[in-house]
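# Observations on the three-dimensional arrangement
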Amino acid sequence: MECGVATTSVTNYNLRFAAVNRNTTICLRKCSPSYRRVYQYCFTSENVRMSAPSLLILYGSQTGTAQDTAERIGRQAQRRRMQVRVEALDRYNVANLIYETLVVFVCSTTGQGDPPDNMKNFWRFVFRKSLPAGSLCQLDCAVLGLGDSSYPKFNFVAKKLHKRLLQLGASMLLPVGLADDQHDLGADGVIDPWLVSFWESLTALYPAPADQDLIRDDEPLPPRYIFRFLDDVTKNEVDDRLRVPEKPIPTSPCQTQPFMARMLSNERVTHPSHFQDVRHIEFDITGSNIEFTAGDVVMMRPCNSHEDVEQFCQLLKLDPDRQFTLSPTNNSTCSVPAHLPQPCTLRHLVETYLDIAAVPRRSFFELLATFATNELERDKLSEFSSAQGQDELHAYCNRPRRTALEVLTDFPHTTAELGVDYLLDLFPEIQPRSFSIASSLQAHPNRIQILLAVVRYKTKMYFPRKGLCSCWLASMDPRQGNVHVPLWVKKGGLKFPKNPDTPVVMVGPGTGVAPFRAVLQERIAQGWTANVLFFGCRSRSKDFYCGAEWEKLMNANQLKLFTAFSRDQEDKIYVQQRVKEQAELLWELIANNNAYFYIAGNAKQMPTAVCDALKGGFQSHGGMTSSEADDMLVAMESAGRFQSETWS
């Protein structure tokens, strides 16, 4: 029985899957789980079984949720005493996938059905048409997707990956899991039962030895890292630890080596009486080698506030100025985070890395519970960790937006038991934030500008809730001295036509207008004037962002502008109504001039309402049926003529 392919050479990202000689045990992996159990029963003794292989968990995560879920599965595997590795998909050498026998893929979907940034290289590779159909015939795997069914391409990445792995010959242990944020119990409403089924399937395939005990849920697992404080080691050890390999200088800034851009201005653009504080911020990127075009985004990793850092260190009785180096407890399963210096101070770790101001996930309470010695605190933490306690956890944590730091203050006895070695297990890394670039290099050389809505709101908590990145940026005042922000740029999801005669129609209420300001500057600098903008806000006098610019362009016949000020009259008016009113113009531009149509802004109701208004115009002015209007919008999207960039 054979399951091989022609031998080829293997390289990192320019390879074809190599042939592998399959032995009988490996070929059995292509059989059904029930057949394999029969084979084991007939041809193995009680003492000679197919032993469970090591488990590899690969994740693609944009905001950290898929990574958190992958690490949760990894901990469950550890408690079953399995060898396990958890890695981001793009950190994994995809050339080794043909040799793996057991993999779980956990992936989210971003944008309009796009893979997360840390799995894009893997995604491009695995969909190469040159890959032979039997490449992964020895692989048992499972795919778990994390998504939100309020978006049109719900869990698109997980569904497509599942299908592709089957095409390449992999065997699925169970159907693809499609976790949904809209579920009554959130994503865990799908993840919990899916994991139960996964472990049942795996146990049936690889039964554990009868004398093997599981590690109890209330017993702490070993930490991923050991802190070695510099005052605890000898000078020779210190010298060895300070020999950190030099990183190559990148041709352009990236996540691990951002550019320290000087903030030039930080101006509020909403009226002082308006409830929303929105900033127009400009950065100097001279000497950075940063290049970008309209539609691209600038990335920044925020820092925790000084007050939160001090409170955290006091709670855990940490000296913030103490220096340490990190050592992985298992070099084969994890490495030291790339952008943490070695050595590092505790202050730097807490300020720039540990996400102590985030609303903690369920995994936070699961780990915290293993340290609890106080009975009341242990019972409450265990409840929050259980599937049955998710309503209580939501009411305690998610609804009021309670932060991890505030949770620690609510559980003082457990917090007192926390060891420093577990900090990186307990607190996730602060994730970078992305902002649509609101300027063009053609209009503003060596500059990046953004429109930033500062997030502040009240819940039942005593202190107002604050957006970590927006409040961090808003607190900076370049008039008081030099202020620098680490940043880098990545390609955005919006792509604009290169033909100067192609009209662009843009719907961008609120700060959704930011990428359209960039493309208007870019197009007008080249003399391209077929531009239509629909802008909406509450009031012309309070939050009409860039209003003077739009009126200047209108007067120069470089822009058609349609505005919707929802609170300036008794009946509220929104951009979708303006789109409906201009149905004849839009039909002419789209049907006869091949116009491109764009939407950017809040994902709640606006995008759907705008699409409905647009399709209504197809029917009223194009004589289409409802289904034909739907098909036309789908065809436009497939051709890149309809694009949207929305956020919740």
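Residues numbered from 1 in each chain as written. Predicted model: local features only at pLDDT ≥ 70, side-chain atom pairs only at ≥ 80, totals over all residues. Heavy atoms only, no water.

### Focus on the overall build of the chain
Short version of the rule: In this description a helix means any DSSP run of H or I spanning at least four residues, a strand means any run of E spanning at least two, and both kinds are numbered starting from the N terminus. Accessibility here uses a 1.4 Å probe with only protein chains present; expressed as a share of the type maximum, an area under 20% marks a residue as buried, one over 50% as exposed, and anything in between as partly exposed. Residue contacts are defined here by distance: any two heavy atoms, one from each residue, within 4.5 Å place the two residues in contact. Methods summary: accessible areas were calculated by the Shrake-Rupley approach with a probe of 1.4 Å, and residue burial reflects only the protein chains presented.
Looking only at helices and strands, the chain has 22 helices and 22 strands in total. Within the chain, buried positions represent 51% of all 648 residues. If you take every contact in the chain between residues at least 6 apart in sequence, the share linking residues at least 24 apart comes to 75%. Accessible surface for the chain amounts to roughly 31,000 Å². Of this, 49% is attributable to carbon and sulfur atoms.

### Some details on the sheet that holds strand β18 (residues 504-507)
As a reminder of what qualifies: Two strands are said to pair when DSSP picks up at least two bridges between them. Only C-alpha atoms enter the line fits that serve as axes; for helices the fit covers just the stretch in contact. Angles between N-to-C directions range over 0 to 180 degrees.
The strand order across the open sheet formed by five strands is β20-β19-β18-β21-β22, and the pairing between neighbours is parallel. The open sheet has two free edges, formed respectively by β20 (560-565) and β22 (642-647), since each of these has just one partner strand. With direction set aside, neighbouring strand axes in the sheet form an average angle of 10°. Sheet analysis places β18 next to strand β21 (residues 596-602), joined by four bridges and oriented parallel. Residue pairing for β21: Val507 is matched across the bridge by Ile599.

### A word on the packing of aromatic side chains
Stated formally: Two rings from Phe, Tyr or Trp (for Trp, the six-membered ring) form a pair when their centres sit within 6.5 Å of each other. Planes less than 30 degrees apart are called stacked, planes more than 60 degrees apart edge-to-face, and all others tilted.
Enumeration over the complete set of coordinates arrives at 25 aromatic pairs. For the pair Tyr396 and Phe411, a centre-to-centre distance of 6.5 Å together with 85° between the ring planes defines the contact as edge-to-face. With a gap of 15 residues between them, Tyr396 in helix α12 (residues 390-398) and Phe411 in the loop between α13 (404-410) and α14 (412-417) connect regions that are remote in the sequence. In terms of burial, Tyr396 and Phe411 fall into one category: buried. Summarising the aromatic geometry, the rings of Tyr596 and Tyr598 are spaced 6.4 Å apart at their centres and angled 25° between planes, so their arrangement reads as stacked.

### Quick notes on unusual backbone geometry
Omega for the bond connecting Gln342 with Pro343 falls within 30 degrees of zero, at 0°, which places this linkage in the cis form. Topologically, Pro343 is positioned in the loop between β11 (323-328) and β12 (344-345). Positive phi, close to 65°, is recorded for Asn289, a residue that is not glycine. Mapping Asn289 onto the fold places it in the loop between β9 (278-284) and β10 (297-300).

### Some words on the side chain of Asp68
The following threshold applies: None of His or the chain ends enter the tally, which takes Lys and Arg as positive and Asp and Glu as negative. Salt-bridge detection follows one rule: a side-chain nitrogen of Lys or Arg within 4 Å of a carboxyl oxygen of Asp or Glu.
Looking at the element boundaries, Asp68 is found in helix α3 (residues 65-79). Arg361 provides the closest opposite charge to the buried, salt-bridge-free Asp68, at an N-O distance of 4.5 Å. If near-sequence neighbours (up to four positions away) are discounted, Asp68 is found in contact with Arg361 and Ser363.

### What to know about the confidence of the model for the chain
Put simply, the rule reads: How sure the predictor is of each residue is captured by pLDDT, a score from 0 to 100.
Here the chain averages 88 in pLDDT, and 89% of its residues register 70 or above. For residues 33-49, every residue scores under 50 in pLDDT, and the model assigns this stretch 16 contacts once sequence neighbours within four places are set aside. Overall, residues 234-247 carries pLDDT values under 50, and its contacts beyond four positions in sequence, including any with other chains, amount to twelve contacts.

### A look at empty space enclosed by the protein
Where empty space is left can be seen by rolling a probe of water-molecule size over the atoms. We apply this condition: With a 1 Å grid laid over protein atoms only, a set of points is called a cavity when a 1.4 Å probe fits there but cannot get out and a pocket when it is open yet has protein on both sides within 12 Å along at least five of seven lines; lining residues have an atom within 4 Å of a point. Grid points are joined across faces, edges and corners, and a volume is the space filled by probe spheres set on the points. Each residue gets one label: Ala, Val, Leu, Ile, Met, Phe, Trp, Tyr, Cys and Pro are nonpolar, Asp, Glu, Lys and Arg are charged, and the others, such as Gly, are polar.
Tallied over the full model, the rule gives one cavity of 30 Å³ or more. Counted as a void, the largest cavity has a volume near 40 Å³. With four residues, the top contributor of residues to the lining of the largest cavity is helix α21 (residues 606-622). Residue classes in the lining of the largest cavity are distributed as seven nonpolar, one polar and no charged.

### Comments concerning the pattern of salt bridges
With the rule as written, the count across this model stands at 32 salt bridges. Across the salt bridge formed by Glu551 and Arg540, the nearest N and O atoms sit 3.2 Å from each other. Of this pair, Glu551 sits in helix α18 (residues 547-555) while Arg540 sits in the loop between β19 (531-537) and α18, placing them eleven residues apart in sequence. Where Lys615 meets Asp630, a salt bridge forms, and the shortest distance between an N and an O atom there is 3.0 Å. One end of the pair, Lys615, is in helix α21; the other, Asp630, is in helix α22 (residues 626-638), and 15 residues separate them in sequence.

### A word on the layout of surface pockets
The volume enclosed by the second largest pocket comes to roughly 610 Å³. Taken together, 23 residues line the second largest pocket, and the ones lying closest to its centre are Gln76, Arg79, Asp217, Glu366 and Ser385. Where the lining of the second largest pocket is concerned, the elements lending two or more residues are α3, α6 (188-205), α10 (362-369) and α11 (375-385). Each residue belonging to the lining of the second largest pocket can be placed in one class, and the counts come to eight nonpolar, five polar and ten charged.

### Points about the sheet that holds strand β7 (residues 225-229)
Read across the sheet, three strands follow the order β7-β11-β12 without closing on themselves; strand pairing throughout is antiparallel. Strands with a single pairing partner mark the edges of an open sheet, and in this sheet they are β7 and β12. Pairing of β7 with β11 involves five bridges; the strand directions are antiparallel. Residue Arg228 lies in a different strand from β11, and its bridge partner there is Thr325.

### Remarks on the nonpolar core
Filter applied, for reference: Working definition of a nonpolar core: buried Ala, Val, Leu, Ile, Met, Phe, Trp, Tyr and Cys residues. They are joined through side-chain atoms within 4.5 Å.
Of all hydrophobic cores here, the largest spans 42 residues; its most connected members are Phe312, Leu349, Leu354, Leu423 and Phe427. At five residues, α10 tops the list of elements feeding residues into this core. Setting aside residues up to four positions removed in sequence, Phe312 forms contacts with Leu318, Val350, Leu354, Ile356, Leu405, Leu408, Leu423 and Phe427.

### A few points about the packing of α3 against α10
The test is simple: A clockwise turn of the near helix away from the far one marks a right-handed crossing, whereas an anticlockwise turn of less than a right angle marks a left-handed crossing.
Running from N to C, α3 and α10 point in directions that differ by 35°, and their axes come no closer than 10 Å. The handedness of the crossing between α3 and α10 is left-handed. Residues Asp68, Arg72 and Arg75 of α3 pack against Arg362, Ser363 and Glu366 of α10. A breakdown of the residues in the contact of α3 with α10 according to their chemical character gives no nonpolar, one polar and five charged.

### Digging into the environment of Ser252
Locating Ser252 in the fold gives a position in the loop between α7 (235-241) and β8 (259-268). Exposure remark for Ser252: the relative accessible area of 33% places this residue in the partly exposed category. Separated by 39 residues in the primary sequence, Ser252 and Glu291 place their C-alpha atoms 8.5 Å from one another. When residues no more than four places from it in sequence are discounted, the contact partners of Ser252 are Ser288 and Asn289.

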